[in-house]
Amino acid sequence: MAETLKVVVTGAAGQIAYSLLFSVAKGDVFGKDQNCCKSCPLFLLDIVATDDPMVAFKDADAAFMVGAMPRREGMERKDLLKANVKIFKAQGQAMDQVSKKNVKVIVVGNPANTNACILSKYAPSIPKANFTCMTRLDQNRAQAQIAAKLGVGNDQVSNVIIWGNHSSTQFPDVAHASVTIQGKTVPVPEAVKDDSYLKNEFIKTVQQRGAAVIKARKLSSAMSAAKAACDHMRDWFCGTGDKWVSMGVISDGSYGIREGLMYSYPVRIQDKTWSIVQGLTINEFAREKMDATAAELSEELDAAMAECEA
Ligand SMILES: NC(=O)c1ccc[n+]([C@@H]2O[C@H](COP(=O)([O-])OP(=O)(O)OC[C@H]3O[C@@H](n4cnc5c(N)ncnc54)[C@H](O)[C@@H]3O)[C@@H](O)[C@H]2O)c1
Ligand SMILES: O=C(O)CC[C@H](O)C(=O)O
């Protein structure tokens, strides 16, 4: 039996957590021989339900930060930023005091990238690399679009990249992706043979998917978001092998992105440590899109900092 983990799920009464808790408890994330406290049945030793962050985050090994207000139809992202960043300031301060210094944190609550930055800023004793945000849902959506276009299973498509913000400025990029069709692995652009689709409809569909779900359900995505959060944390704990995944991580300036932004990059993960995939060729089209989403993140971060300091 592996060591017992303490797993925190914030917003545990909400619609994403409704699907997330079950997957965590049944071993889909940390493995089937792993005990997880503070979630729910099957591999559980204990559950603690609390609204006190000092209790919730005490000795945490992993945290799914889901608790935040979701956007509804008619709301702007700015409305969310105002409502949600202060939650992450208070939770960061608590984590700083009581969580393990190697706690691994995924922020799901929107605006996820900026909330993760704020959380990290207010938990300075925990390494910045331990704070990430979720863009795996966008990656899964992008993979699904390509798979459907080519008539293959989602798992046959690899190394799709999401650059930047989990928002409508994100850049889903298949320039370095590959697909296996009838046993043969080829670059996605070669298989799709439709540059105009890849540069327009594909990107727009992935960028707008969250808004389309809100329009259709009058609620934001839930089960797919929970599944993506599990994918993200499982890969962080178990590794990515020779594939890449996309995660919002703190920028070290890679690919010319402002240092300190929580920017989604392609990463490899080994021994529970992520590293940004380096050396990819960035053409003019990609450069423009990567910079546009970075500009939005810079603006968001500045607004969030002002809100936290007000
Ligand atoms: N990053 C992504 O890909 C992605 C995808 C889908 C949704 N989201 C975001 O995830 C968040 C949660 O979505 P949901 O549909 O589960 O919302 P929800 O409203 O169903 O659940 C959120 C829960 O958080 C709780 N909460 C509010 N303030 C809190 C606080 N200060 N501390 C702890 N808990 C608090 C609420 O009581 C509620 O139970 C939203 O911000 C949504 O926009 C992100
Ligand atoms: O609020 C939004 O636009 C997106 C909601 C959610 O993050 C999603 O991607 O489904």
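Residues numbered from 1 in each chain as written. Chains lettered and ligands numbered in written order. Predicted model: local features only at pLDDT ≥ 70, side-chain atom pairs only at ≥ 80, totals over all residues.

1. Here's the deal with the overall build of the protein
Here comes step 1: Across its full length, the protein carries 10 helices and 13 strands.
Here comes step 2: In terms of C-alpha radius of gyration, the protein reaches 19 Å, essentially the compact-globule figure of 19 Å for 310 residues.
Here comes step 3: Each of the three principal axes of the protein carries a C-alpha extent, and together these read 55 × 50 × 40 Å.
Here comes step 4: Across the 310 residues of the protein, 45% fall into the buried class.
Here comes step 5: The long-range share in the protein, meaning contacts at least 24 apart out of those at least 6 apart in sequence, stands at 68%. (Helix = DSSP H or I, 4+ residues; strand = E, 2+ residues; numbered from the N terminus. Rg over C-alpha atoms; globule rule 2.2 N^0.38 Å. Buried ≥ 20, exposed ≤ 12 C-beta atoms within 10 Å, placed from the backbone. Contact = placed C-beta atoms within 7 Å.)

2. What to know about the domain arrangement of the protein
Here comes step 1: When cut into domains, the protein gives domain 1 (5-133) and domain 2 (136-301).
Here comes step 2: Distance between the C-alpha centres of domain 1 and domain 2: 22 Å.
Here comes step 3: The set of elements that each furnish at least two residues to the side of domain 1 that touches domain 2 consists of helix H1 (15-25), strand S3 (62-65), helix H3 (77-98), strand S4 (104-107), helix H4 (112-121) and strand S5 (131-133).
Here comes step 4: For the side of domain 1 that touches domain 2, the leading source of residues is H1, giving seven residues.
Here comes step 5: Looking at the side of domain 1 that touches domain 2 residue by residue, the class counts come to 19 nonpolar, seven polar and seven charged. (Domains from an automatic or database assignment. Nonpolar A, V, L, I, M, F, W, Y, C, P; charged D, E, K, R; others polar.)

3. A few points about the UniProt feature "binding site: substrate" (unreviewed entry) in the protein
Here comes step 1: UniProt annotation of "binding site: substrate" (unreviewed entry) refers to Arg71, Arg77, Asn110 and Arg141 when read in the numbering used here.
Here comes step 2: In this structure, Arg77 sits in helix H3.
Here comes step 3: In this view, Arg77 contacts Arg71, Pro111 and Ser167; residues no more than four positions away in its chain are not counted.
Here comes step 4: Turning to its location among the elements, Arg141 is positioned in helix H5 (residues 136-150). (UniProt positions renumbered as here; feature names shortened; annotations may be inferred.)

4. Quick word on the nonpolar core
Nonpolar side chains in soluble globular proteins generally cluster together in the buried interior.
Here comes step 1: In this structure, Leu20, Phe64, Ile106, Val107, Val108 and Ala229 are the most contacted members of the largest nonpolar core, which totals 84 residues.
Here comes step 2: Both domains that furnish three or more residues to this core are identified here as domain 1 (5-133) and domain 2 (136-301).
Here comes step 3: If we skip the residues at most four places from it in the chain, Ile106 touches Phe64, Met65, Thr132, Cys133, Met134, Ala229, His232 and Met233. (Core = buried A, V, L, I, M, F, W, Y, C linked by C-beta atoms within 7 Å.)

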